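The chain contents come next:
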Amino acid sequence: MNKTLNRRDFIKTTSATTIGVVTVASGITLTTFASTNKVPVTNEKRWGMLIDTNKLTEADIDGMVSACQKEQGWGSELHSTGSQKPGWIKKVKVKDKATGKVSNLALMCQHCEEPPCVDVCPTNASMKREDGIVLVDKHLCIGCRYCMMACPYDARSFVHETLSNQKEHMPRGKGTVESCTMCVHKVDKGEVPACVTSVNSDAVIFGDLYDASSKINQTLKTVQSAQIRADLNLNTGVRYSGI
Amino acid sequence: MNRLLVIFLTLLVSSVFAHTNEHASLGEQASSIKASGKVFHESVSIIRKMHPEFLRHKRDKTLRQGVRTDEYSLKGCVSCHANKDKTNNQYHSVDKKGQFCSDCHEQVSVSLDCFSCHRTTPKEDSL
Ligand code: SF4
Ligand code: SF4
């Protein structure tokens, strides 16, 4: 047998060994930790949110912003100037020019079904999960910020400074883009996003848009609701009523 | 060329071995697992050689498919291989000089990028 290992053999042998280890190791680690969520997400669900601006008070929105900061660990950047600071969720006032009615919106990534941020990303870092949640893969993000320019909702931020002490579930770092993750780390465990839990009323409803028995699905069937900039045909996962 | 590659890899791996065999900062939990005789990584040589591939595979599955198992999770590596400062009871960052991750990476001159985004100590304590 030829003793030198070519690249292909090397990969073949190592991957064979790897499979062996995975099997043994899974038995071992299972006794150490309890594992969760072994099954990949599918497109049988689509996560969404319905925000009722008539019920949502300004204090509620402030609460949502701080709940998000606390959960995800953004907002205490020391060296970034005002416009450089991250903002995953914002309080936005909109005024109907004809009637003068002012509404306060909580505006975060709208988790578009046809996300422009994903379309323009040159490295595939901007991505949509099967269940509709739009994320940034920071392993691939080169910080070009095309996605920030493409997003009609100004939902994304760029990290301008070196960070430390990040949340364990939310890696963040200088030179990458970030935005609302719909608290995917919680959703994957069957929990509800932090901003939604922070609101005491039912002004914000979170759930599976496809599930006919979900509260969000049933509410959307009965109340008037809108997508912001519906004319763009992005089919957003976050919807609003009362505007 | 291939022969050279094999020689290079052998040198690389054996220098890691030579170094880590005398490694003092394995990490508290990792040390106690080792001392108890239990096996965590079935083969130390494979985890040494393959850990970047395991982590890369795991990161893609977690981020893109929502598969959140503990196996090969960077969180798990950090929580097991971190050391506490005996005087103030605070964790040392695993990427700081003399700590588990950086020691080995420094020895083999491989840069350690994970921790420009990932947390370097176990869970949230002082936030
Ligand atoms: S709101 Fe912006 S960042 Fe979010 S999915 Fe749509 S285009 Fe992308
Ligand atoms: S879903 Fe999570 S990440 Fe998104 S705005 Fe709410 S708290 Fe922030």
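You'll find the structure just up there.
Note that the structure is predicted; figures quoted are calculated from it, not measured. (Residues numbered from 1 in each chain as written. Chains lettered and ligands numbered in written order. Predicted model: local features only at pLDDT ≥ 70, side-chain atom pairs only at ≥ 80, totals over all residues. Heavy atoms only, no water.)

Caption draft 1: Layout of the site of ligand 2. Residues in contact with ligand 2, as listed here, are Met49, Cys68, Gln72, Trp88, Ile89, Cys180, Thr181, Met182, Cys183, Pro193, Ala194 and Cys195 of chain A. Residues belonging to the shell around ligand 2 are distributed by class as follows: ten nonpolar, two polar and no charged. (Near = heavy atom within 4 Å. Nonpolar A, V, L, I, M, F, W, Y, C, P; charged D, E, K, R; others polar.)

Caption draft 2: Structural context of helix H4 (residues 74-81) of chain B. Of all the positions in H4 of chain B, only Leu74, Gly76, Val78, Cys80 and His81 of chain B are classed as buried. Buried residues in H4 of chain B make contact with helix H2 (28-35), helix H3 (44-65) and helix H5 (100-107) of chain B. (Buried < 20%, exposed > 50% of the residue type's maximum accessible area, 1.4 Å probe, protein only. Helix = DSSP H or I, 4+ residues; strand = E, 2+ residues; numbered from the N terminus. Contact = heavy atoms within 4.5 Å.)

Caption draft 3: Focus on the site of ligand 1. The local shell around ligand 1 consists of Cys109, Gln110, Cys112, Pro115, Pro116, Cys117, Val134, Cys151, Pro152, Tyr153 and Arg156 of chain A. Of the residues assigned to the shell around ligand 1, the class counts are nine nonpolar, one polar and one charged.

Caption draft 4: Examining the pairing of strand S1 (residues 47-52) of chain A more closely. Residue and element names in this part refer to chain A. The buried count for S1 comes to six of six residues, which makes it a mostly enclosed element. Relative to strand S8 (residues 204-208), S1 is paired through five bridges, and the arrangement is antiparallel. Paired with glycine 48 across the two strands is glycine 207, which belongs to S8. (Pairing = 2+ DSSP bridges.)

Caption draft 5: Quick look at the packing of aromatic side chains. If you walk through the whole model with that rule in mind, you get three aromatic pairs over all chains. Taking 5.2 Å as the distance between ring centres and 10° as the angle between the ring planes, the aromatic pair formed by tryptophan 47 of chain A and phenylalanine 206 of chain A counts as stacked. Residue tryptophan 47 of chain A is located in strand S1, and its partner phenylalanine 206 of chain A is located in strand S8; the two are separated by 159 residues in the primary sequence. Among the residues examined, tryptophan 47 of chain A registers a relative accessible area of 14% and is labelled buried. On the numbers, 4.3 Å between centres and 25° between planes, the contact of phenylalanine 54 of chain B with tyrosine 72 of chain B is stacked. Of this pair, phenylalanine 54 of chain B sits in helix H3 while tyrosine 72 of chain B sits in the loop between H3 and H4, placing them 18 residues apart in sequence. Under the relative-accessibility criterion, phenylalanine 54 of chain B is labelled buried at 6%. Across the ring face of phenylalanine 158 of chain A, the terminal group of arginine 145 of chain A is positioned such that the distance to the ring centre comes to 3.7 Å. (Phe/Tyr/Trp six-rings, centres within 6.5 Å; stacked < 30°, edge-to-face > 60°. Lys NZ or Arg CZ within 6 Å of the ring centre and 35° of its normal.)

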